[in-house]
Every structure is written in C-alpha cells, then in structure tokens.
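Each chain, written out:
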Amino acid sequence: MATQSPPERLTMFIDAVIAIALTLLALELPVPAGDTTEAMLSSVADHGKEYLAFGVSFVVIAAHWRAHHEIFGHVRSLNSRLISLTLAWLFMQVLTPFATRVITADGAFPPRFSLYAIVQVLASASFALIIREIRREHLYRADTPPWAFSQNLVRSVCLAVVFGVSVPVSFVTAGTWAYLCWLAAPVVLAVAGRVRGQADADRLRTSRRQPRLPAWRARHR
C-alpha cells in the first residue's frame, strides 16, 4: 500500500545527498605541489591516477542520479519498499567516494578494484529493483510512456553485468584488462538499446496488425 509521503520530499533528499557525495569526491583530490611550472606539471602527472578516478566517479554518480531523476519524474506515490530500495541505492552513491580512494591506493589491485566494481553492481541492481517495484505496484503516473522504465531497466542490468564481469577479470589478468571491461560499457549499452528498440518496434507493428472488432461486437463480448 502506498504511503502518503509525496515523492518530491524523497527526491529533494536524494539531490542533497548526491551533492554531498560529489563534494566528497572533490575534497579528496590532491593539490599539485611545486615552485615552478615544471614541478607543478610533474606533480599533476604523479597524481594522474587520482584525477582520472575522480572524473570516472563523477560521471558514474551523475549517471546514476540522472537515471533516478528520470524515473522519479513519473512516480506519483511511494510505499515503504520503494523508500527502502531508494535508500539502499543512495548508500551505494555515498560509498562511491570511499571506493574511489580505495581503488587509487597502491598494492593489492584485485580486491581494491573489486570493491569499486561491486559497489557499482549493487547500485545498478538496486536501481533495477526500484524500477521493478514502481512497475509492480503501479506507483507511476497514468501518462507515463511505456518505454520510460524499460530503457532504464535495460541500462541498469547491462551496467551490473559489465561491472560484475570485471571483478573476476581483475583477479586473473593485469589491471588494464579489468579497466577495459568498463570501457566496453558504452558498446554493451548501445547494442542492448538497439535490441530493445527493435523489440519495441516489432511489438508495435504486431499490435497494429491485430484486427479491431466493430464497436457493436466489442460491447457484446
């Protein structure tokens, strides 16, 4: 049963927490040192791993927030399970800055890499469960387009698979191959989106081919 709590309050809370998570990412950035231009540029190069991890994590958190923002734009009411799933998803966003610091540290690459990847797997999986709960309990508005949920659901499942596959890869290969799994995410998303779009188009064509009953027959069925 849906609660009386409006979704706008939860959305505002999420926006505030996401802003804090992004701020925590920036606070952990090392400040370049050096008395000369060459020394400062050398310091920037030495900390390139930290700056790259910041950029990746910023894009990851922003992508999660954008997807959640799109979905909750169609939500009309909440229930306790949806709130709990959203808090679990939000926990993973807050944990991402910590996982970013872990992955940029030296030594023990497989467990450090795996921690970051597992956080993203859980974030994507919890978001998929959020979409499932909204659809199952009909918590969305009546004017919601049919593709609004399927598109984000496919995206979440694909990201969970990509990050999940990278975990065992990090233990059996060099670090470069594990990161290449992440670089494959756009390709996987593009292929999945194309397949989903084709399936939606086929479904639409099938529905149009079905003959419609005359009005008088439809009333007497």
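Throughout this document, residue positions are counted from 1 along each chain, in the order its sequence is written. Where local features are concerned, this predicted model is filtered to residues with pLDDT of at least 70; where side-chain atom pairs are given and counted, the filter is 80 or more; whole-chain, interface and lining totals use all residues. Excluding hydrogens and water, the side-chain figures rest on all heavy atoms present in the structure.

Peer 1: How should the overall build of the protein be read in this particular structure?
Peer 2: Numbering goes from the N terminus for both helices and strands, where a helix is a DSSP run of H or I of at least four residues and a strand is a run of E of at least two. Check the secondary structure of the protein and you find nine helices and zero strands. Going from the N terminus to the C terminus, the protein shows its helices and strands as α-α-α-α-α-α-α-α-α. Look at the contacts in the protein between residues 6 or more apart in sequence, and 75% of them connect residues 24 or more apart. The Shrake-Rupley method, run with a 1.4 Å probe sphere, supplies the accessible areas, and residue values consider only the shown protein chains as cover. Taken as a whole, the protein presents about 13,400 Å² of accessible surface, with 66% of it coming from carbon and sulfur. Only heavy atoms enter the contact rule, under which two residues are in contact if any of them lie within 4.5 Å.

Peer 1: How should I be thinking about the side chain of S126 in this particular structure?
Peer 2: Mapping S126 onto the fold places it in helix 5 (residues 109-136). Contact partners of S126, with chain neighbours within four places excluded, come to L85 and W89.

Peer 1: Would you explain the pattern of salt bridges in this entry?
Peer 2: Close approach of charged atoms allows side chains of opposite charge to pair. The term salt bridge refers to a side-chain nitrogen of Lys or Arg lying within 4 Å of a carboxyl oxygen of Asp or Glu. The full count for this structure, using the stated rule, is seven salt bridges. Between D106 and K49 there is a salt bridge; the shortest N-O distance is 3.1 Å. Of the two residues, D106 is situated in the loop between helix 4 (80-103) and helix 5 and K49 in helix 3 (residues 48-72); the sequence distance between them amounts to 57 residues. Measuring nitrogen to oxygen at the nearest pair gives 2.9 Å for the salt bridge that ties R136 to E133. On the criterion of helical spacing, the pair formed by R136 and E133 is a turn pair, its members being three residues apart in helix 5.

Peer 1: Mind showing me how you'd approach helix 3 here?
Peer 2: Between the first and last residue of a helix there are one fewer steps than residues, each counted as 1.5 Å, and that sum is the expected span. With 25 residues, helix 3 should reach 36 Å at 1.5 Å per residue; the first-to-last C-alpha distance of 36 Å fits that figure. Among the residues of helix 3, those classed as buried are A53, S57, V60, I61, H64, A67, H68, I71 and F72. Relative accessible area decides the class of each residue, using a 1.4 Å probe on protein chains only: under 20% of the type maximum gives buried, over 50% gives exposed, and in between gives partly exposed.

Peer 1: Help me understand the packing of aromatic side chains, please; the structure alone is not making it clear to me.
Peer 2: Two aromatic rings, drawn from Phe, Tyr or Trp (for Trp, its six-membered ring), form a pair once their centres lie within 6.5 Å of each other, and the interplanar angle then sorts them: stacked below 30 degrees, edge-to-face above 60, tilted otherwise. One pass over the structure, following the stated rule, counts 10 aromatic pairs. Consider the rings of F113 and Y179, whose centres lie 5.2 Å apart with planes at 90°: the pair is edge-to-face. Taken together, the positions of F113 in helix 5 and Y179 in helix 7 (residues 175-183) put the pair 66 residues apart, joining distant regions of the chain. A relative accessible area of 0% places F113 in the buried class. With relative accessibility at 34%, the residue Y179 sits in the partly exposed group.

Peer 1: What is the right way to look at a nonpolar patch on the surface in this model?
Peer 2: A surface patch of nonpolar side chains, about 300 Å² in accessible area, is lined by I20, L24 and L27. As for its placement among the helices and strands, L27 is situated in helix 1 (residues 7-27). By relative accessible area, L27 is classed as exposed at 63%. Residues with no salt bridge and a relative accessible area higher than 30% make up the patches, which join like charges within 9 Å and nonpolar side chains (Val, Leu, Ile, Met, Phe, Trp, Tyr) within 5 Å.

None of this, on its own, says anything about what the molecule does.
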